Amino acid sequence: MNILKTDYSLSVLRKRLFAVIAAITFLFCLFLARFFYVQVIWEDELNYLALDQWTREIPVVAERGKIYDRNGELLAGNKSAYSVFARANAVKDKEYAAQFLSAALGLDYSETLAKLGDKKRSEITLLRHVEKERVQKLAGANIDGVYFARDNERVYPYGSLACQTLGFTSIDQSGSSGVEKYYNEYLAGSNGEILYETDLVGVEINGASAAYVPAEDGLNLRLTLDYRIQALAEDVMMRALESTQAKSVRTVVLDPSDGEILAMVNLPSYDLNDIPRDDLDTLNANSRNRIISDVYEPGSTFKIITALANIEEGLKGNSAALPLNHVYPSARTRTVDGTTIKCWSDHANGKHSNQTLKEALNNSCNPCFVDIALSLGKETFYDYLKAFRFGQTTGVDFSGEAIGMLLPESTVRDCDLARIGFGQTIAVTPLQLAAAAAATVNGGNYYAPHIVSEIYSDDNSVRERIGSTLIGKVASEEASRLLAEMLEGVVRDGSGKKAYIEGYRVAGKTGTAQKYEDGHIAQGKYVSSFIGCFPANDPKFLALVIVDEPQGTYYGSSVAAPLAAKIFQGIIDTRRIAPFV
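Let us look at the structure shown here. The shown structure was predicted, so the numbers you read here are calculated from the model rather than taken from an experiment. (Residues numbered from 1 in each chain as written. Predicted model: local features only at pLDDT ≥ 70, side-chain atom pairs only at ≥ 80, totals over all residues. Heavy atoms only, no water.)

1. Here's the deal with the overall build of the chain
Then, in step 1: Each helix and strand in the chain was counted, giving 19 helices and 19 strands.
Then, in step 2: Here the chain, with 581 residues, has 50% of them falling under the buried criterion.
Then, in step 3: Contacts in the chain between residues at least 24 apart in sequence constitute 72% of all its contacts with a sequence separation of at least 6.
Then, in step 4: About 27,400 Å² of surface is accessible on the chain, with carbon and sulfur atoms providing 51% of the total. (Helix = DSSP H or I, 4+ residues; strand = E, 2+ residues; numbered from the N terminus. Buried < 20%, exposed > 50% of the residue type's maximum accessible area, 1.4 Å probe, protein only. Contact = heavy atoms within 4.5 Å. Areas by Shrake-Rupley, 256 points an atom, 1.4 Å probe, with all protein chains shown as cover.)

Pasting the structure below:
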């Protein structure tokens, strides 16, 4: 009996001993895990907290990269300025400091005193972009706990020039829109700092050494823009905005041989040195690059796409294509799916009778392009629309590009296809249309439009060259040549006569599109446009001009074509281009 009791006691003792050992082991493992977490996993954060507690950091702001045009003209640069900081724990006489700072920097005394008394924040930014003269007053006062560091303020030598393209920066010099935003990674650089040892409350220790982490300045950009062409285009379009009392005006000029954008104008605009940050509605409206981000119904300027598709398919031997010598019926209307489509002309007195494609382009006769679209058929025509990147982005190096509006091929009815043929029931961005038009006249090559050509450092070391990107072949050189000849005839003999310049072989197409609101035609509201290039046999300059809701005369032939002529003449004068033989 005693033996059984002894065995039972030993068993209980062993269990209790095992439990104690297990508990000790668990606690040891727990402490070991915590030690590992603190020493290894938490190390970087603790080091940072310790460094922050025992040091004072004065930022060394990197200089933002500059932006130049293709000729080396500065479009966006920097002006030296300073930022003023305070470490509340180190400010001994807060009332005096607040009084001095409010007087020297134009700050509110009560707010400044409250900031200096806020011990929850280790460092306070009192004011950014302070002029050197005011900072010198602070340096002379030598207020404990108040210090300053070099900052930069963005400046734009030409004010509003190309403002929607260049974009602007935020208060901390980060790109907010335009090229400033898209290429911010290159322009921004990397800030440095100066570290001073302090005591526990943030007061600098006398005789302590400083550690210097240098800033790395941003890289510079060379744009494809030519500020001279940009300036003359803005001048022409500003005069048009005033004379037509239009809602807005736009133009894009590019080199059709490689997609380089030479100018982009959106008016109304704003001054980049006086950004209306307190009026967000105005800022958003005027800073938007509508050439890239907004869509519109192109109207008759789109007929060049339809014409090229027909010419190319004819050269390929597609029997669905209408021959170049095909004579289109002179009737003013076409009825498709029960919908009647009219020509802008009344066709009275034999107008628009016995037309070939060349004459249909000259007269901008809608029914002829209805015939072409229906004859080619949905599948073939949509192959061209996709090749020209309608309903897609162009690939331009700019944020916020719209894709336009293209009906899904599976949903398109004949009446839709008929209207697309002359530029209705489709919406495009101005840049989409300009890039597509460039491909129709440059030999059939679709290039992605681009704005930046080089990224380089201050020592002129090129970090990246951004060349032309050939997206695809949309047509043959022969089809492109034939179309360019026809478009030259439009300017010489047809609706584009007001874009004619003797000796320079201008080719182009006018457009006048009605606007829609809530799905219905907006009475009296039109978009007048012209797209053209020169010289027709080897295009080097292409311009799309858009006047939105001109008052009075609204035909593209009367409103937009003369503006293109003025821009082309300005280019000729600026670049001293001799007449073409």
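2. Focus: unusual backbone geometry
Then, in step 1: In the segment running from Leu-267 into Pro-268, the intervening peptide bond is cis, with an omega of 10°.
Then, in step 2: Mapped onto the secondary structure, Pro-268 falls in the loop between strand 10 (260-267) and helix 10 (280-287).
Then, in step 3: The omega torsion across Phe-534 and Pro-535 is -15°, close enough to zero to call that bond cis.
Then, in step 4: Checked against the element boundaries, Pro-535 lands in the loop between strand 18 (520-534) and strand 19 (541-548).
Then, in step 5: Phi angles above zero are rare outside glycine, and Gln-245 is one such case at about 55°.
Then, in step 6: By the element assignment, Gln-245 lies in the loop between helix 9 (227-244) and strand 9 (248-255).

3. Let's talk about the packing of helix 17 (residues 430-441) against helix 18 (residues 477-493)
Then, in step 1: Direction vectors running N to C along helix 17 and helix 18 enclose 110°, while the axes themselves pass 7 Å from each other. Taken together, the axes of helix 17 and helix 18 are roughly perpendicular relative to one another. Here Ala-439, Thr-440 and Val-441 of helix 17 come into contact with helix 18, specifically with Ser-480, Leu-483, Ala-484 and Leu-487.
Then, in step 2: Taken together, the residues of the contact of helix 17 with helix 18 sort by class into five nonpolar, two polar and no charged. (Axes fitted to C-alpha atoms, helices over the stretch in contact; angles between N-to-C directions. Parallel < 35°, antiparallel > 145°, perpendicular 65-115°, else oblique. Nonpolar A, V, L, I, M, F, W, Y, C, P; charged D, E, K, R; others polar.)

4. Some remarks on the nonpolar core
Then, in step 1: Core analysis: the biggest nonpolar cluster contains 97 residues, and Val-179, Leu-221, Leu-223, Phe-369, Phe-388, Phe-390 and Leu-542 have the highest contact counts within it.
Then, in step 2: The contacts of Phe-390, once residues within four sequence positions are left out, are Phe-302, Ile-305, Leu-385, Leu-406, Ile-426, Val-428, Gln-432, Leu-433 and Ala-436.
Then, in step 3: Ala-233, Ala-246, Val-545 and Ile-567 belong to the second largest nonpolar core, which has 35 residues in total. (Core = buried A, V, L, I, M, F, W, Y, C linked by side-chain atoms within 4.5 Å.)

5. Description of the side chain of His-450
Then, in step 1: One can find His-450 in the loop between strand 13 (445-448) and strand 14 (452-456).
Then, in step 2: The contacts of His-450, once residues within four sequence positions are left out, are Thr-224, Asp-258, Gly-259, Glu-260, Ile-261, Val-396, Asp-397, Ile-466, Gly-467 and Ser-468.

6. Side note on a nonpolar patch on the surface
Then, in step 1: On the surface, Phe-26, Leu-27, Leu-30 and Phe-31 cluster together into a nonpolar patch covering about 460 Å² of accessible area.
Then, in step 2: Examined against the element boundaries, Phe-31 turns out to sit in helix 1 (residues 2-41).
Then, in step 3: The exposure class assigned to Phe-31 is exposed, which follows from its relative accessible area of 61%. (Patch = residues over 30% accessible without salt bridge, like charges linked within 9 Å, V, L, I, M, F, W, Y side chains within 5 Å. Salt bridge = Lys/Arg side-chain N within 4 Å of Asp/Glu carboxyl O.)

7. Observations regarding the side chain of Arg-250
Then, in step 1: Positionally, Arg-250 belongs in strand 9.
Then, in step 2: Setting aside anything within four residues of it in sequence, one finds Arg-250 in contact with Met-237, Val-265, Asn-266, Arg-290, Ile-291, Pro-430, Leu-544, Val-545, Ile-546 and Asp-548.

8. A few points about the pairing of strand 17 (residues 507-517)
Then, in step 1: Two elements, strand 17 and strand 18, share ten bridges in a ladder whose sense is antiparallel. When the sheet's bridge partners are listed, Gln-514 is paired in strand 18 with Tyr-526.
Then, in step 2: Following strand 17, the chain reverses through two residues before pairing antiparallel with strand 18; Asp-518 in that reversal takes a positive phi of roughly 55°. (Pairing = 2+ DSSP bridges.)

9. What to know about the state of the cysteines
Then, in step 1: Per the stated rule, a full pass over the model turns up zero disulfides.
Then, in step 2: Left unpaired, Cys-343 is separated from the closest cysteine sulfur, that of Cys-365, by 3.7 Å. (Disulfide = S-S within 2.5 Å.)

10. Quick look at the packing of helix 3 (residues 94-105) against helix 5 (residues 132-141)
Then, in step 1: The N-to-C vectors of helix 3 and helix 5 enclose an angle of 155°; their axes lie 9 Å apart at closest approach. Between helix 3 and helix 5, the angle is such that the two are roughly antiparallel. At the point where helix 3 passes helix 5, the crossing takes the right-handed sense. Contacts between helix 3 and helix 5 involve Phe-100, Leu-101, Ala-104 and Leu-105 on the former and, on the latter, Arg-134, Lys-137, Leu-138 and Ala-141.
Then, in step 2: Here the residues of the contact of helix 3 with helix 5 sort into six nonpolar, no polar and two charged. (Left-handed = near helix turned anticlockwise from the far one by under 90°.)

11. Re the sheet that holds strand 18
Then, in step 1: With antiparallel pairing, five strands are arranged side by side in an open sheet as 10-9-19-18-17. The strands lining the two open edges of the sheet, one partner per strand, are strand 10 and strand 17. Taking the axes of each pair of neighbouring strands and ignoring which way they run, one obtains an average angle of 10° across the sheet.
Then, in step 2: As paired elements, strand 9 and strand 10 share seven bridges and run antiparallel to each other. Looking at the pairing, Arg-250 lines up with Asn-266 of strand 10.
Then, in step 3: Of the strands in this sheet, strand 9, strand 10 and strand 19 are in contact with helix 9, which crosses strand 10 at around 30°.

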